Amino acid sequence: MNDDRSTRHSVRATARRTAALVNALTAEPDPDPGAIAGILLDHGELGPLELTAGDVAGLRTAALRLREVFTADGVDEAAGVLNRLLREGTGPLRLSSHDGRSPWHPHLDSDDEAPWGEWFLASSCMALTVLLWEGQRPPGGLCSSPGCGDVFLTVGSGPERRYCSRRCATRERVAAHRRARAGSRSP
Ligand SMILES: [Zn+2]
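A few points on the structure.

Rules of the game
Residues numbered from 1 in each chain as written. Predicted model: local features only at pLDDT ≥ 70, side-chain atom pairs only at ≥ 80, totals over all residues. Helix = DSSP H or I, 4+ residues; strand = E, 2+ residues; numbered from the N terminus. Buried ≥ 20, exposed ≤ 12 C-beta atoms within 10 Å, placed from the backbone. Core = buried A, V, L, I, M, F, W, Y, C linked by C-beta atoms within 7 Å. Contact = placed C-beta atoms within 7 Å.

### Describing the environment of Gly44
Right, on to step 1. Looking at the element boundaries, Gly44 is found in the loop between α2 (33–42) and α3 (53–71).
Right, on to step 2. Here Gly44 falls in the partly exposed class, since 17 other C-beta atoms lie within 10 Å of it.
Right, on to step 3. Sequence separation between Gly44 and Arg178 is 134 residues, and the spatial gap between their C-alpha atoms is 42 Å.

### Digging into unusual backbone geometry
Right, on to step 1. In this structure, the amide linkage connecting Gly47 to the following residue, Pro48, adopts the cis form with an omega of -5°.
Right, on to step 2. Phi is positive for His98, which is not a glycine, with a value near 45°.
Right, on to step 3. Following the sequence through the fold, His98 ends up in the loop between β1 (94–96) and β2 (105–107).
Right, on to step 4. Residue His98 is classed as partly exposed on the basis of its 13 C-beta neighbours within 10 Å.
Right, on to step 5. The backbone phi angle of Gln136 is positive, close to 55°, even though this residue is not glycine.
Right, on to step 6. Within the element layout of this structure, Gln136 appears in the loop between α5 (116–135) and β3 (140–142).
Right, on to step 7. The exposure class assigned to Gln136 is exposed, which follows from the 8 C-beta atoms found within 10 Å.

### Description of the nonpolar core
Right, on to step 1. If you look at the biggest cluster of nonpolar residues, it comprises 37 residues, and the most contacted ones within it are Val22, Leu59, Val69, Leu82, Cys125 and Leu128.
Right, on to step 2. Of all elements in the fold, only α1 (11–26), α2, α3, α4 (75–89), α5 and β4 (151–153) reach the threshold of two or more residues within this core.
Right, on to step 3. Broken down by element, the residue count for this core peaks at 10 residues, all from α5.
Right, on to step 4. In this view, Leu128 contacts Ala15, Thr18, Val69, Leu82 and Pro139; residues no more than four positions away in its chain are not counted.

Just distances and angles here, no functional claims.
The following block contains the structure:
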């Protein structure tokens, strides 16, 4: 059996969902509930799924707080932000299998029926904490392309990543190239 039942709840999958939701929820003041539900479904949430405006507002509040983990300067600051979120926004560690519908996995929210915002903050804090623990570096970062503003997840052990996507990296490389050419032409 190789369905995504076990990977759906993995730390990395949860953190990927966190980054995607943080970007979608903080890009504009009034995110579209249908689009946010779509991201949740894309990242393994079981449908059908309908979010109210209140659900999305709660998710957005959590996203704005989680964004601080990604914009933190270095691992110490990221750990400090996570400690604050864990202290203020999450409950004690517990295990859930959602009545046998999923593998047992850890939860930091108060209940399986907790509001979306509480669930998002808690599950994200859990995943980002484990990633920071494993990697001993910030679990993610903020794209260096001016005007992008998206966050990304630190993956693997390669060189430090600066951009959220290949698209942003290419755009900045082209811009730097143009600047260099313009500079070499000036007297
Ligand atoms: Zn970017």
